[in-house]
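Structural overview for review
The primary structure of each chain is shown beneath.
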Amino acid sequence: YDITSLVKFGAANLLEVTVSKVSSDQSVEAAERTADYWVFGGIYRPVYLEAFPKQFIERTAIDARADGTITVDVYLKNVATADQIIAMVSEPGAGGGGTLSAPVTAGQHKVTLSGKVADVKPWTAETPNLYNLELRLMQSGAIIHTTAERFGFRTFEVRPGDGLYLNGHKIRLKGVNRHCFWPDSGRCLSRQVSYDDVRLIKAMNMNAVRMSHYPPDVHFLEACDELGLYVLDELAGWQKPPYDTQVGKKLVREMVTRDVSHPCILFWDNGNEGGWN
């Protein structure tokens, strides 16, 4: 949510949060409070405020294929005087990579960068090779705003009547469902718990995990990217359908927008075991 109009710049600001035990939306209650997981009150995911320059990079969507082809959709906000977007691809600890750029004009909301990086190391669960993408919004040679994220080069295919293929090689998924629970902290998890869970799943000779029944903390997906685990990312309970269309569409958009660039995600799941909406 954009709260710029509510902020008193240069003065004291009060941030007050009211947490309701139940949702005022009946479809949300049906999807989340009657599902097969424990429900706790309180705030169990990070809530924070973030300040941006007036002209800024809002988000990105990275499509990086095993042959080194990369396409990056860059979504911009309030562009008035910015004139260029630059993307730098690099391999952590190595010199491989490349630079992409495109002009930006006033009022532009999206820029698509595309190119090809030579000699890439593809991402798989067995070889979780990651690359860095740094984006710079420029004005007359000066940097206005910078973002950075990790990604992997991989090509995933579902071949009808045949199977699943990653980077041209057939794969089989062997894994478990995972809820965001911990005995000592309920649904509030830490980065350490996420990494420990991924290591435990891999130690059991598994290569996949299904998010039952809601998107995980971001640090869990980062652990799957880094350590190598295939993910089925899931929307909570949108079957039969308990979420109504207005809420369901918003949640689909939120989930995909947040998680779209993680190489570990092979599938998007729709709610607990059924329903097409």
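Look up: the structure comes first, before these words.
Anyway, here's the lowdown on the structure attached to this text. Starting from 1, residues in each chain are numbered consecutively following that chain's sequence as written. Side-chain atom pairs in this predicted model are given and counted only at pLDDT of 80 or more, local residue features only at pLDDT of at least 70, and totals for whole chains, interfaces and linings cover all residues. Note that water and hydrogens are dropped before the side-chain values are worked out from all heavy atoms of the structure.

**Considering the pattern of salt bridges**
Salt bridge, as used here, is a side-chain nitrogen of Lys or Arg placed within 4 Å of a carboxyl oxygen of Asp or Glu. Applying the stated criterion across every chain, the model contains 14 salt bridges. Put simply, D73 and K110 hold a salt bridge, and the shortest N to O gap is 3.9 Å. A residue pair is termed long-range when its members are at least 10 positions apart, and D73 in strand β2 (residues 69-77) and K110 in strand β5 (residues 110-116) qualify at 37 residues. Classification of D73 by relative accessible area gives buried; the value is 19%. Here R150 ties to E226 by a salt bridge, and the two come within 3.3 Å at their closest N and O atoms. Of this pair, R150 sits in strand β7 (residues 142-151) while E226 is found in helix α3 (residues 218-227), placing the two residues 76 residues apart along the sequence. In this description a helix means any DSSP run of H or I spanning at least four residues, a strand means any run of E spanning at least two, and both kinds are numbered starting from the N terminus. Each residue gets one of three labels from its accessible area relative to the maximum for its type: buried under 20%, exposed over 50%, partly exposed in between, using a 1.4 Å probe on protein chains only.

**Quick word on the side chain of Q55**
Among the secondary structure elements, Q55 is positioned in the loop between α1 (26-33) and β1 (56-64). Any pair of nitrogen or oxygen atoms within 3.5 Å is treated as a polar contact; in protein, a donor-acceptor pairing is required on top of that, and neighbouring residues in sequence qualify only through side-chain atoms on both sides. In this structure the side chain of Q55 is engaged in a polar contact, spanning 2.8 Å, whose partner is the backbone nitrogen of A80. Polar side-chain contacts of Q55 include one of 3.0 Å to the backbone nitrogen of A82. Contacts are assigned to residue pairs that have any heavy atoms within 4.5 Å of one another. The contact partners of Q55, leaving out residues within four places of it in the chain, are K77, N78, V79, A80, T81, A82, L137, Q139, I144 and H145.

**Focus on the sheet that holds strand β14 (residues 265-270)**
Whenever strands of a sheet pair, they do so through backbone hydrogen bonds, lying parallel or antiparallel. Here, a strand pair is defined by DSSP locating no fewer than two bridges between the strands. Ordered by their spatial adjacency, four strands build an open sheet running β11-β12-β13-β14, and the pairing between neighbours is parallel. Among the strands making up the open sheet, the edge pair consists of β11 (175-178) and β14. On average, adjacent strands in this sheet sit at an angle of 20 degrees to one another, irrespective of strand direction. Where β11 meets strand β12 (residues 208-211), four bridges bridge the pair, whose relative direction is parallel. Axis lines are fitted through C-alpha atoms, for helices just across the contact stretch, and the angle between N-to-C directions can take any value from 0 to 180 degrees.

**A few points about the side chain of D225**
With respect to the helices, strands and loops of the structure, D225 is situated in helix α3. Although D225 is buried, it forms no salt bridge, and the closest oppositely charged side chain is R150 at an N-O distance of 5.4 Å. With near-sequence residues (within four places) excluded, D225 lies in contact with W123, P128, L130, H262, P263 and C264. When charges are counted, neither His nor the chain ends are considered; positive counts come from Lys and Arg and negative counts from Asp and Glu.

**As for helix α2 (residues 191-203)**
Compared with the 18 Å implied by 1.5 Å per residue over 13 residues, the 18 Å span of α2 between its first and last C-alpha is a close match. Buried within α2 are the following residues: V193, S194, Y195, D197, V198 and I201. Looking one or two places after α2, you find N205, whose phi comes out positive at around 65 degrees. Here the expected span of a helix is defined as 1.5 Å times the quantity of residues minus one.

**Quick word on the environment of V252**
Structurally, V252 is set in helix α4 (residues 245-259). Here the alpha-carbon distance between V252 and Y44, two residues 208 residues apart in the chain, equals 20 Å.

**Some words on the state of the cysteines**
Throughout, disulfides are identified as pairs of cysteine sulfur atoms within 2.5 Å of each other. What the rule picks out here adds up to zero disulfides. The thiol of C180 is not disulfide-bonded; the next cysteine sulfur, from C224, is found 11 Å away. This cysteine, C264, is not joined by any disulfide, and C224 carries the nearest cysteine sulfur, 4.9 Å off.

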